[in-house]
Amino acid sequence: MSTQKEIEKAIAKLSTNGKALYLAQDQGLEHAADVELTGESSNPDYVFNIAEKGEIDAFICQKGLAEKYGGSYKVPIILKVNGKTILTPKDDPYSQITCSVRRAVELGAKAIGFTNFVGSKYQSQIFDDFRKIQEEAHDFGLPVTSWMYPRGEAIKDEKASGILQHSARVGLELGADMLKMSYNGNQEDMKKQIKFGGKAKMLMAGGAKTKNTKEFLQQIKEVDEAGAFGFAIGRNIWLHDKPVAVTKAIRDIQNGKDVYTALKRLE
Amino acid sequence: MSTQKEIEKAIAKLSTNGKALYLAQDQGLEHAADVELTGESSNPDYVFNIAEKGEIDAFICQKGLAEKYGGSYKVPIILKVNGKTILTPKDDPYSQITCSVRRAVELGAKAIGFTNFVGSKYQSQIFDDFRKIQEEAHDFGLPVTSWMYPRGEAIKDEKASGILQHSARVGLELGADMLKMSYNGNQEDMKKQIKFGGKAKMLMAGGAKTKNTKEFLQQIKEVDEAGAFGFAIGRNIWLHDKPVAVTKAIRDIQNGKDVYTALKRLE
Amino acid sequence: MSTQKEIEKAIAKLSTNGKALYLAQDQGLEHAADVELTGESSNPDYVFNIAEKGEIDAFICQKGLAEKYGGSYKVPIILKVNGKTILTPKDDPYSQITCSVRRAVELGAKAIGFTNFVGSKYQSQIFDDFRKIQEEAHDFGLPVTSWMYPRGEAIKDEKASGILQHSARVGLELGADMLKMSYNGNQEDMKKQIKFGGKAKMLMAGGAKTKNTKEFLQQIKEVDEAGAFGFAIGRNIWLHDKPVAVTKAIRDIQNGKDVYTALKRLE
Amino acid sequence: MSTQKEIEKAIAKLSTNGKALYLAQDQGLEHAADVELTGESSNPDYVFNIAEKGEIDAFICQKGLAEKYGGSYKVPIILKVNGKTILTPKDDPYSQITCSVRRAVELGAKAIGFTNFVGSKYQSQIFDDFRKIQEEAHDFGLPVTSWMYPRGEAIKDEKASGILQHSARVGLELGADMLKMSYNGNQEDMKKQIKFGGKAKMLMAGGAKTKNTKEFLQQIKEVDEAGAFGFAIGRNIWLHDKPVAVTKAIRDIQNGKDVYTALKRLE
Amino acid sequence: MSTQKEIEKAIAKLSTNGKALYLAQDQGLEHAADVELTGESSNPDYVFNIAEKGEIDAFICQKGLAEKYGGSYKVPIILKVNGKTILTPKDDPYSQITCSVRRAVELGAKAIGFTNFVGSKYQSQIFDDFRKIQEEAHDFGLPVTSWMYPRGEAIKDEKASGILQHSARVGLELGADMLKMSYNGNQEDMKKQIKFGGKAKMLMAGGAKTKNTKEFLQQIKEVDEAGAFGFAIGRNIWLHDKPVAVTKAIRDIQNGKDVYTALKRLE
């Protein structure tokens, strides 16, 4: 078992000046690869290169990319250890474990990623998976980032503030070290999410590509100012035509710059 | 395996003059965190502080709070090792294991908490979980507190005296060391519950916040006089504006004071 | 693994002159404790005392009683390692494992008790449990007593002679050492049950309390004369106002006395 | 792991001049014991005696008989490690594992028996059980005999030649060493079954008692001439009034005698 | 764990000049053996002989054939470790594990084969099986070939280009080293499949026997030119009357010859 101090030290290594920026790509498994991974983004080397050259603290991916490409790059990896595809029949969601913690450790991962679908009818199975993953990760000294996503028929509004606060607290009580959660567009709600997450650090999930970069960076600004620990972004970076510049713009905002200053990175 | 004497000694350390008072907070997982954990109560530091300053023998919480906050406080922890959320679809209840006994031991827990939903259609799975948890806890010398809650479609009246007596006896036969149970408001029924629990010690569950403190303390008095070992209270302490005083008032009653004397703690 | 000779020796220690009489109490788990355990019978010390003072070869109980009370008495324990409650929704029956064989051994148990509900739609799970329990018990040298109870929607008549014969044979083929079975009131049928049980020794289950002791002892006489190895009795002993005398009366019959002579024990 | 040569040697020890004859009795578990095990056949000693005195290469039985009776006889045992009863609700069939391979080895078994219900809706579970049993058996050097029985709603004709050929091939590909299969009465079909079974040796299953011994021996002759490795027979031996003579008659046919010559054994 | 370099070396040994050609036969388990394995093809020795004499890099088969026939031939084996039959009730497909990785290693297998039915309602169970198999195979240094077959009610068109691209990417992200996939007849689609498979090498699955050899070899040419790593062919080889010549013709095409030149092998 790692102490809370050791976990905090490990998280500190995955951040810059107390703020984190992670590049993520597991959409080839989760979504329709042919639809999401357009252009060069279907080439893992292209994306790993962005992670290495951009202002990125870690790259989040599934086992296969870590095994086949990870060894060629110096970027720290947060190994996502569960997942599903969009192909399966519609039902409440469940993400199957796709990589053992032991293998993640052997691959040199610096943290573990795991999706908790709070409110899914498979919640018991999900919590059971999470318990084992979280405890084994801490046995190896790895922090655990939990996607806290309220989902399923029992969840009427995935973006309701109360549901998001409850989900953040669930992540805290279950032992997550970082929480990757959606931003519902209301800064006050994000502050509450962060409060209910307590010592579990809040990461904003990037979501679908926004229409323009300014809109995206304004979200980043709002969430950063609300007190978030950082961001885990995929499509808004690797689908952008200037992906490395986007990472620098986000970091500018995390360093206190305003959106207009940050946007200059993209000129 | 621990002997019954060793378990009794471990319980004695979690009580004062043969009576126990535990502070509990897992409502952030179990209930809607945003609704239940109002005001400062959503801050685990606030609640741990009450536990440390009040007349509390142990604090009951989930793994996440124990990991991230427990190390900063001297209060003994009873680790609640299963749980569920209010978000999942309505059905007979089942609480998933959320912490291994090994991890609870590593975190320094002094006892284990576990919810048995007697009468649930998931009772077989629940009993299976309990068997493993109970035996492993005793292997490590930790007493086991079992929430004995009759629940589910097959239970017509959760507060029926017969059901409560049967539930207490089930806890005893399955090997629980302490039983956390509801008080149905009838002191004679509580005496019967206690009788059927035998050498498994009875703790009254606090339940929702009562309208006024006097009403709450009168319940405490009735249950203490019925012969209960103690109390496991959450909302009636940490939602109260004088939480430390409430703990002292409860202890007064456990020490034989009457309700009016105890109420002076709150003036 | 124990040899058949070793198992037979272990059974011999749990009998007197080749006949066995066991006191049983798990009705507080299985049935409505408040209804069945009337008067002093809800106090485990009361029942253990009967076992110690009466003509009893062993006491059959669940883990909780063995842990919390067993250490204070010298009576050998047959640990019942599975069970259920009457509270769960009506369905074909399944008894969950409630105690590991390892723990039973650590508690000093001299044999294992297990319920096989033959014909239940959960029969596969039950047989799987039994296989593991039976083999582990024999690894530790403990004989296994199997409740062979035909139950479930597929069983039209639980007392039909053919069903009882088949059930006895199932117990034998699965590896039970003793069979605890109902007596359907027909002595010839009991003889057939015993024949089909082969080297698995037959114990009559006591069942509900009979109206009068004479009627009960006549059953005992019929079954003993049919060639049964012995009796596992609960309510007809500990609900009786002269429980120790009842045990002596049963033993008289096992020693060849007639019912009228045995009844004198109760005067 | 055993090599194919070692397995073939082990099979050779369970045969006579390259032909096998096994006596089987698990009908007391599988069928209605009271209906099938008539007369002396319900007494395992009676049946073991036939095995010992008759021309039998091995006796096939469940764990309970091996434990309680097997030690008294010199006949090699093929331990049947899964089974079911006729009592459970009608559904596609599944035979639960009833004995571990380790225990079979400890009991001195010389081979393992296992029922594969091909086409059952429980086929996945059955194949999973078989895989583990087959591999563990080979770890201990024991050959595996697989009952290859097409069964379930998806099987329209259990005796269709194509289904039987496919079933034989399934047994071969899954790793069975011997196949116990039904004879559909057509010798050409049996030749095809044998061809599709490849190096997995074919045993004819005896089935229900035939009306007269001549009819039974004619089947034996047809199947032996088709190239079968041998026979696994139960009721047609131990329900016969001259069981030892029947075994000699079968052996005569395996040695090339005609049916009329073999029938003289029964005069 | 093996490094990516070690896995690539192991794959190199299973190919010739960077191109692979595998002979496969598990149709006796998967399909109706009596219908598919016509003529001599039902005799495993016949098929192993083709593998040994033809231009084959490895033979793909189930455990049973590897155990009983593999030791007599020098052809490397890719052990297919899961499978199902056509006999089970119609439903979304699931292939049960039929051989452990440990046993595959003991049998001298040089790689593992596994079917992933992407989109099946059993996808979670399939991914769970795959994770364990893939990790254990890499622990032993064995590459993993994954059949990436979109199947089930949720898949409207198994040959849709988008579905095939997504499936290829799923295989890559889950950690497959080679992907065995269908060719939908459109060379541009195959190029995309190969692109989305990334460093997971593409093998074309042979499928049903084509009407004439020319048509078959034209497919081979198209797929080879699209950049595929190789081919895993069954019926189009062992049902052909000149099976060894077919393997040489395929190899000719892999070596850059045109279809007409390759066809001369069959004259």
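Rules behind the numbers
Residues numbered from 1 in each chain as written. Chains lettered and ligands numbered in written order. Predicted model: local features only at pLDDT ≥ 70, side-chain atom pairs only at ≥ 80, totals over all residues. Heavy atoms only, no water. Contact = heavy atoms within 4.5 Å. Buried area = accessible area lost by both parts, 1.4 Å probe. Salt bridge = Lys/Arg side-chain N within 4 Å of Asp/Glu carboxyl O. Polar contact = N/O pair within 3.5 Å; in protein donor to acceptor, adjacent residues only side chain to side chain. Helix = DSSP H or I, 4+ residues; strand = E, 2+ residues; numbered from the N terminus. Expected span 1.5 Å × (residues − 1). Buried < 20%, exposed > 50% of the residue type's maximum accessible area, 1.4 Å probe, protein only. Least-squares fit on C-alpha atoms with pLDDT ≥ 70 in both. Pairing = 2+ DSSP bridges. Axes fitted to C-alpha atoms, helices over the stretch in contact; angles between N-to-C directions.

All right, on to the interface of chain C and chain B then. On the side of chain B, 35 residues touch chain C, which itself brings 35 residues to the contact. Across the chain C to chain B interface the summed buried area is about 3,000 Å²; carbon plus sulfur atoms make up 56%. The largest contributions to the chain C side of the interface with chain B come from Lys68, Leu87 and Arg103 of chain C, which together make up 25% of the buried area. At the junction of chain C with chain B, the criterion picks out 4 salt bridges. Residues Asp177 of chain B and Lys68 of chain C are paired through a salt bridge, measuring 2.9 Å at the closest nitrogen-oxygen approach. Where chain C meets chain B, there are 19 residue pairs in polar contact (both at pLDDT 80 or more). Looking at the side of chain C that touches chain B, the elements with two or more residues in it are α2 (27-30), α3 (33-36), α4 (44-53), α5 (63-68), β5 (96-97) and α6 (101-106) of chain C. A total of 5 residues in the side of chain C that touches chain B trace back to one element, the largest contributor, which is α5 of chain C.

Residue and element names in this part refer to chain B. In this model helix α12 (residues 243-254) runs 17 Å from its N-terminal to its C-terminal C-alpha over 12 residues, within 8% of the 16 Å that 1.5 Å per residue would give. Within α12, 10 of the 12 residues are buried, leaving the element largely enclosed by the surrounding structure. For α12, the set of buried residues is Pro243, Ala245, Val246, Thr247, Ala249, Ile250, Arg251, Asp252, Ile253 and Gln254.

Copy one and copy two of the chain differ by a rotation about an axis and a translation along that axis. If you rotate chain C by 72° and push it 0.0 Å along the axis, it lands on chain B with an RMSD of 0.0 Å. Those values place the two copies in the arrangement expected of a five-fold rotation axis. Relative to the rotation axis, the C-alpha of Gln125 of chain C is the closest in chain C, positioned 11 Å from it.

All names here are of chain D. Strand order in the closed barrel formed by 8 strands is β1-β2-β3-β6-β7-β8-β9-β10, and the pairing between neighbours is parallel. In this sheet, neighbouring strand axes are inclined to one another by 25° on average, regardless of whether the strands run parallel or antiparallel. As paired elements, strand β7 (residues 144-150) and strand β8 (residues 178-181) share 3 bridges and run parallel to each other. Counted as the bridge partner of Ser146 is Leu179 from β8. Here helix α10 (residues 213-226) sits on the sheet and contacts β9 (201-205) and β10 (230-233); the angle it forms with β10, its principal contact strand, is near 145°.

Residues and elements named next belong to chain A. Residue position: Asn82 is located in strand β4 (residues 82-83). Note: C-alpha distance between Asn82 and Thr98 (16 residues apart in sequence) is 4.9 Å. Apart from the residues lying within four places of it in its own chain, the contact partners of Asn82 are Glu30, Gln62, Ser95, Gln96, Ile97, Thr98, Gly113, Phe114 and Thr115. One polar contact links the side chain of Asn82 to the main-chain amide nitrogen of Thr115, over a distance of 2.9 Å.

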